[in-house]
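One-letter residues, chain by chain:
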Amino acid sequence: MSLLNSQKLALQPLRIALRGDALLNNPRFSKGTAFTIEERKSFGLSGRLPFQVNTLEEQCDRSYEQLQQYDSPIRKNAFLQSLKDQNWTLYYALLRKHLKELVPVIYTPTQAEAISNYSHLFRKSEGLYLTLPDRDRMEEDFLEQTKGRKIDLFVCTDAEAILGIGDQGVGISTSKSALYTLIGGIDPSRSLSVTLDVGTNNQGLLNDPLYVGWRNNRIRGAEYDEFINKFVQLVRKHFPNSLLHFEDFGVLNAHRLLHRYRDTHAVFNDDIQGTGAVTLACIMAAIRVASPNAAQAKLSEQRYVILGAGSAGMGISVQLRDAMVAADGITCEEANKRFWMVDRDGLLFSRNTSGAGGEFCRSAEEGWDTSAEGKIDLLTVMQRVKPTVLIGCSTASGAFTREVVRAMLMGMGEGERPIIMPLSNPSRLVEAKPEAIMRWTEGRALVATGSPFPCVKLTVEGRKQVFAIAECNNALIYPGLGFGANLAQSRRVTDTMLLAGAKRLALLSPAIKSESSSAEYNGESILPDVQDAPKVNFEIGVAVAEQAVREGSAGALWAHVEKEEDAERVVKEVRQRAAEKVWVPWYSRYVYDPLGIS
């Protein structure tokens, strides 16, 4: 939303029932030194604040100056969390002003360190904590936290599989909710982070005297399912139009829960669908650049080797497969044959001729070594398959060796470029550094990573070039997917809605000069810069909502346009409503009202 629109919104007064310390200490409504003289008199704040009235801009400058006093990302993360506990508007305004610099501090990769030390860094609770031993009072606790609130978004986790650090028990990642607001424009007062504490198998946490979670081995089976289902049904009962975001669930539970609930409520799993969608968008853009006939290239014409068969790897494969079926008109079985999945035990393949063992397992009929100890390593797969796309989500640092990358390059035709995506987080676990990949491929590779990396400077055929490394960051797409689903009040998040978001992101690639044709590649990033994430996610949200309306997945508020034949009118109305719904960090004018918001 433009600054002009945000200022117009700020002129609409909020009627507030809080006064004095109750107002000053409420992070949703506090303005700190930005309360006007009139507001200070009305709300009993005159003696509680120093004389000077600051603008939000001045507050951002002061906070940024304070932030620079901290020399490590984790200390900066703690400072920003403290700021968030005091003043939501200032927190988000500061982040928005220094977006590219500070997103890695509140999100990947720094947030992983904060979560792993959650019990030792704990100062103030945030969100809703539901613990299995207290399941009998779950609804009471749920309603106590949500009473009187309109909630559009729940971000829930059982913290079993936090990327790069695994099982963290009660560790809650509030950064996902924060990015929904910062980048997706969702009102922070209408979102809630939820920890579903079912124990932990992390012995270090169980032995830690300061651990704040439930000291018990992680519960599995029917008891676990009953606990999760009770929470989901509360969301469906009390907030039927909300989006339920599953985060950091273990691979088996992640897929199972998504499939169990996706047809009955708007649910979304970022590890599966978000990672898959942003990777899909990156590949859709990259294949336009990678081949001399890029304008005609199809997803189904690529050969994909994926290292890592966890939630992320499987999610990427499923997303790509489903996109091929939808976009290229091939069958699911045909699309599955375009994938070669490699895990710690080597290539996933069946030891019989039926192909049993998973939809992406290769058949023994293909001639793979089926001896009892047979392990087909990544290099062997690369040499035989000659993939066009190599994706890493294994957290196996250095797994993309020079030999692996060179084997891929040797399989390329003249003028073709290998698409190499070492996506593991945090950056210390990346499968290969971009600078090494570019050297090994002599500047031909198109590279995207899961964490931010600097540009690579390289001399190619006597010419100095600078290659921007795309950050294949879920933050480029999941806030927009959530915003769009929420805008449409969609009853479910469909595959076609995800595909619409991915297509819109791909079209925004700096490396694509126009929608209908390709031009010479000069080292541009395959994906937009994270600094542009708010604008990008707004466009993604619009695309997702448009698709929901067209296919009839949108809520009752859109009933009058579901059958609208004038597609242009539908697009215009979606975009207008999206602009009106975006939350921006800006101070509104307050009027005291004992019957107002509290």
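That block above? That's the structure.
What counts, and where the lines are drawn
Residues numbered from 1 in each chain as written. Predicted model: local features only at pLDDT ≥ 70, side-chain atom pairs only at ≥ 80, totals over all residues. Heavy atoms only, no water. Helix = DSSP H or I, 4+ residues; strand = E, 2+ residues; numbered from the N terminus. Rg over C-alpha atoms; globule rule 2.2 N^0.38 Å. Buried < 20%, exposed > 50% of the residue type's maximum accessible area, 1.4 Å probe, protein only. Areas by Shrake-Rupley, 256 points an atom, 1.4 Å probe, with all protein chains shown as cover. Axes fitted to C-alpha atoms, helices over the stretch in contact; angles between N-to-C directions. Parallel < 35°, antiparallel > 145°, perpendicular 65-115°, else oblique. Contact = heavy atoms within 4.5 Å. Nonpolar A, V, L, I, M, F, W, Y, C, P; charged D, E, K, R; others polar. Pairing = 2+ DSSP bridges. Phe/Tyr/Trp six-rings, centres within 6.5 Å; stacked < 30°, edge-to-face > 60°. Lys NZ or Arg CZ within 6 Å of the ring centre and 35° of its normal.

So, the overall build of the protein chain
Inference 1: When its secondary structure is counted, the protein chain shows 24 helices and 16 strands.
Inference 2: Since a compact globule built from 598 residues should have a radius of gyration of about 25 Å, the 25 Å found for the protein chain is in line with a globular shape.
Inference 3: C-alpha extents for the protein chain along the principal axes are approximately 80 × 55 × 55 Å.
Inference 4: Here the protein chain holds 598 residues, and the buried ones make up 55% of them.
Inference 5: Accessible surface for the protein chain amounts to roughly 25,700 Å². Of this, 49% is attributable to carbon and sulfur atoms.

Looking at the packing of helix α18 (residues 378-385) against helix α19 (residues 402-410)
Inference 1: Contact geometry of α18 with α19 gives a least axis separation of 8 Å together with a crossing angle of 10°. By the angle between their axes, α18 is roughly parallel relative to α19. Seen from α18, the contacting residues are Leu378, Leu379, Met382 and Gln383; seen from α19, they are Glu403, Val404, Ala407 and Met408.
Inference 2: The residue inventory of the contact of α18 with α19, partitioned by class, reads six nonpolar, one polar and one charged.

Structural notes on the sheet that holds strand β3 (residues 153-157)
Inference 1: Strand order in the open sheet made by the five strands is β2-β4-β3-β5-β6, with parallel pairing throughout. Two strands in the sheet have a free side with no partner beyond their single neighbour: β2 (128-131) and β6 (267-269). Averaged over all neighbouring strand pairs, the angle between strand axes comes to 25°, with direction disregarded.
Inference 2: Here β3 runs beside strand β4 (residues 191-197); their pairing, made up of five bridges, is parallel. Along β4, the bridge assignment pairs Val155 with Ser193.
Inference 3: The strands that helix α10 (residues 138-146) touches are β2, β3 and β4; relative to β2, the one it contacts most, it runs at about 180°.
Inference 4: Across the face of the sheet, helix α15 (residues 270-290) comes into contact with β5 (243-247) and β6 while running at roughly 75° to β6.

Considering the packing of aromatic side chains
Inference 1: For the coordinates displayed, the defined rule picks out 17 aromatic pairs.
Inference 2: Consider the rings of Phe142 and Phe231, whose centres lie 6.4 Å apart with planes at 70°: the pair is edge-to-face. Taken as a pair, Phe142 in helix α10 and Phe231 in helix α13 (residues 221-238) lie far apart in primary sequence, 89 residues in all.
Inference 3: You can call Phe231 buried: its relative accessible area is 0%.
Inference 4: Aromatic side chains Phe246 and Phe249 sit 5.4 Å apart centroid to centroid with 90° between the ring planes, which places their arrangement in the edge-to-face category. Take Phe246 and Phe249: they sit in the same class, and that class is buried.
Inference 5: By way of ring pairs, the aromatic residues Phe29, Phe35, Phe43, Tyr590 and Tyr592 are connected into one cluster.
Inference 6: When the ring centre of Tyr592 is taken as origin, the NZ or CZ atom of Arg19, which lies over that ring, is 5.4 Å away.
Inference 7: A cation sits over an aromatic face here: Arg384 above Trp368, 4.0 Å from the ring centre.

Here we look at the packing of helix α5 (residues 73-86) against helix α6 (residues 88-97)
Inference 1: In contact at an axis separation of 6 Å, α5 and α6 are set at 140° when each is read in the N-to-C sense. Considered as vectors, α5 and α6 are oriented oblique to each other. Contacts from Leu80, Leu83, Lys84 and Gln86 in α5 reach Trp88, Leu90, Tyr91, Tyr92, Leu94 and Leu95 in α6.
Inference 2: Tallied by class, the residues present in the contact of α5 with α6 amount to eight nonpolar, one polar and one charged.

Some details on unusual backbone geometry
Inference 1: With a phi close to 55°, Ala159 is a non-glycine residue in the positive phi region.
Inference 2: Here Ala159 shows up in the loop between β3 and α11 (175-182).
Inference 3: We note that Lys386 has phi near 55°; this positive angle belongs to a residue other than glycine.
Inference 4: Topologically, Lys386 is positioned in the loop between α18 and β10 (389-392).
Inference 5: For Lys386, a relative accessible area of 38% puts it in the partly exposed group.

Points about the environment of Ile469
Inference 1: By the element assignment, Ile469 lies in the loop between β14 (463-467) and β15 (470-471).
Inference 2: With a relative accessible area of 11%, Ile469 lands in the buried category.
Inference 3: Separated by 15 residues in sequence, Ile469 and Pro454 place their C-alpha atoms 6.8 Å apart.
Inference 4: Ignoring any residue separated from it by four or fewer positions in sequence, one finds Ile469 in contact with Pro434, Val447, Thr449, Phe453, Pro454, Val456 and Ser525.

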